[in-house]
Amino acid sequence: MDISKDVCTLEELEKGAKQVIRNVETNQRPFMVMSNGKPGVLIIPAGIMKTKLTALKAVCELAES
């Protein structure tokens, strides 16, 4: 995540949601939405989330063995 490019306020997201989504899909990087000056939510590309969940599942299965 590039702090200078991949962060906006909730108000900015409301005005430019389509562009934010396009950027997340194109750049394959998470995007942080700030709320009241604090990190609010993180928009994560689906492919990255799937990879992370698959890895987490594998680790959990190893821990159970």
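Just above sits the structure.
Residues numbered from 1 in each chain as written. Predicted model: local features only at pLDDT ≥ 70, side-chain atom pairs only at ≥ 80, totals over all residues. Heavy atoms only, no water.

S.K.: Would you take a moment to explain the pairing of strand β3 (residues 38–43) for this structure?
M.R.: Note on strand geometry: in a regular strand, side chains alternate between the two faces of the sheet. As paired elements, strand β2 (residues 31–35) and β3 share five bridges and run antiparallel to each other. What sits directly across from F31, in β3, is I43. Hairpin connection, β2 to β3: the antiparallel pair is bridged by two residues, and N36 has positive phi, about 55°. (Pairing = 2+ DSSP bridges. Helix = DSSP H or I, 4+ residues; strand = E, 2+ residues; numbered from the N terminus.)

S.K.: What should I look at first to understand the pattern of salt bridges in this one?
M.R.: Any two side chains of opposite charge can pair, on the condition that their charged atoms come close. Applying the stated criterion across every chain, the model contains one salt bridge. Between D6 and R29 there is a salt bridge, and its shortest N-O distance comes to 2.7 Å. Remark: R29 occurs in the loop between α1 (10–27) and β2 and D6 occurs in the segment before β1 (7–9); sequence separation between them is 23 residues. Accessibility expressed as a relative area gives 28% for R29, which makes it partly exposed. (Salt bridge = Lys/Arg side-chain N within 4 Å of Asp/Glu carboxyl O. Buried < 20%, exposed > 50% of the residue type's maximum accessible area, 1.4 Å probe, protein only.)

S.K.: In this structure, what is going on with the sheet that holds β2? I would like to understand it.
M.R.: The strands that make up a sheet are held in pairs by hydrogen bonds between backbone atoms, and each pair lies either parallel or antiparallel. Taken in spatial order, the three strands make up an open sheet running β1-β2-β3, and their pairing is mixed. Pairing within the sheet leaves two strands with one partner each, and these edge strands are β1 and β3. The average undirected angle you get between the axes of adjacent strands in this sheet is 30°. Strand direction decides the pairing type here: β1 and β2, joined by three bridges, are parallel. When the bridges of β2 are listed, C8 appears paired with V33. Contacts from α1 reach β1, β2 and β3 within the one sheet, and its direction differs from that of β1 by about 150°. (Axes fitted to C-alpha atoms, helices over the stretch in contact; angles between N-to-C directions. Contact = heavy atoms within 4.5 Å.)

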